[in-house]
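Analysis of the macromolecular model
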Amino acid sequence: MASMDDLRRGVSESLPEVNEIKDEELRGLVIEAWAFALSESEFTRIDQIRGSGVPDSPALKDGTQAEHLRGVARMAHGLADGLEAVHGDIGIDRDLLWACALCHDVGKPFEFSPRNQARWKDDVGATGFPSIRHSVYGVHVALTVGLPEAVAHTAGAHSAEGELIKRSLENTLVNSADHAYWAAMERAGQLEMEDE
């Protein structure tokens, strides 16, 4: 088992965009959230996690969850840049946007855990499948390590669960970037599709 220091170091290496967060405390909490999430799974690095939306969906041909997180974070900032180039400052908190984007899938080590996948598939009637999706588990991780509620909100509501609530501004950007990422990678032929 990797030490928490090793896990933190790996997070920083896998997600260099974390250094874009100017607020040192927030940057540290993003790293801590991922280190904690990894420590609760078999994974020791984000780049060991299959690059797909959910465990059974098509995976990136070349890339892992780290590339997905980095791409979504940069795309969310690109959306913010475009809006602000036209409309001026519309109230986007850039540090918070980096944190939300980098942590939107912080629950994936739990949902993608081979141990959890096997356990859930073994008795779907008792556990459900998956028992807890990455979005819900991500809220637990974010709140456990002390990330702002806005980051927990994005982890929990960036995906289908968020269709039942009103998303924050930063979450709206992350949600849009997340969906566009997978759609663009599919159209670019960058996903391992079954019919290939």
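Residues numbered from 1 in each chain as written. Predicted model: local features only at pLDDT ≥ 70, side-chain atom pairs only at ≥ 80, totals over all residues. Heavy atoms only, no water.

**Topic: helix α9 (residues 149-157)**
For the record, the criterion: Partly exposed residues are those whose accessible area sits between 20% and 50% of the maximum for their type, while under 20% is buried and over 50% is exposed, using a 1.4 Å probe and protein chains only. Helix and strand definitions follow DSSP, with helices as H or I runs of at least four residues and strands as E runs of at least two, each counted in order from the N terminus. Here, two residues are considered to be in contact whenever any of their heavy atoms come within 4.5 Å of each other.
When α9 is considered as a whole, its buried residues turn out to be V151, A152, T154, A155, G156 and A157. Structurally, α9 contributes buried residues whose contacts are with α4 (94-103), α8 (134-145) and α10 (169-187).

**Description of the side chain of S135**
Positionally, S135 belongs in helix α8. Take S135: its relative accessible area is 0%, and that puts it in the buried class. Excluding residues that lie within four positions of it along the chain, S135 makes contacts with A155, G156, H158, S159 and E161.

**Focus: unusual backbone geometry**
In terms of backbone geometry, most residues other than glycine have negative phi values and most peptide bonds are trans. Cis peptide bonds are those with omega within 30 degrees of zero, and the linkage from F129 to P130 qualifies with -15°. Along the chain, the position of P130 falls in the loop between α7 (124-127) and α8.

**Details of the nonpolar core**
Let me state the cut-off plainly: Remark: nonpolar core denotes a set of buried residues (Ala, Val, Leu, Ile, Met, Phe, Trp, Tyr, Cys) joined through side-chain atoms within 4.5 Å.
Formed by 51 residues in total, the largest nonpolar core has its most connected members in I21, V30, W34, I46, C103 and L147. Looking at this core, the elements with two or more residues in it are α1 (4-14), α2 (24-39), α3 (65-87), α4, α5 (108-112), α8, α9 and α10. Take this core: its biggest share by element is 10 residues, from α2. Beyond its immediate sequence surroundings of up to four residues, C103 is in contact with V30, A33, W34, L147, V151 and A155.

From the geometry alone we can't say anything about function, so treat these as descriptive.
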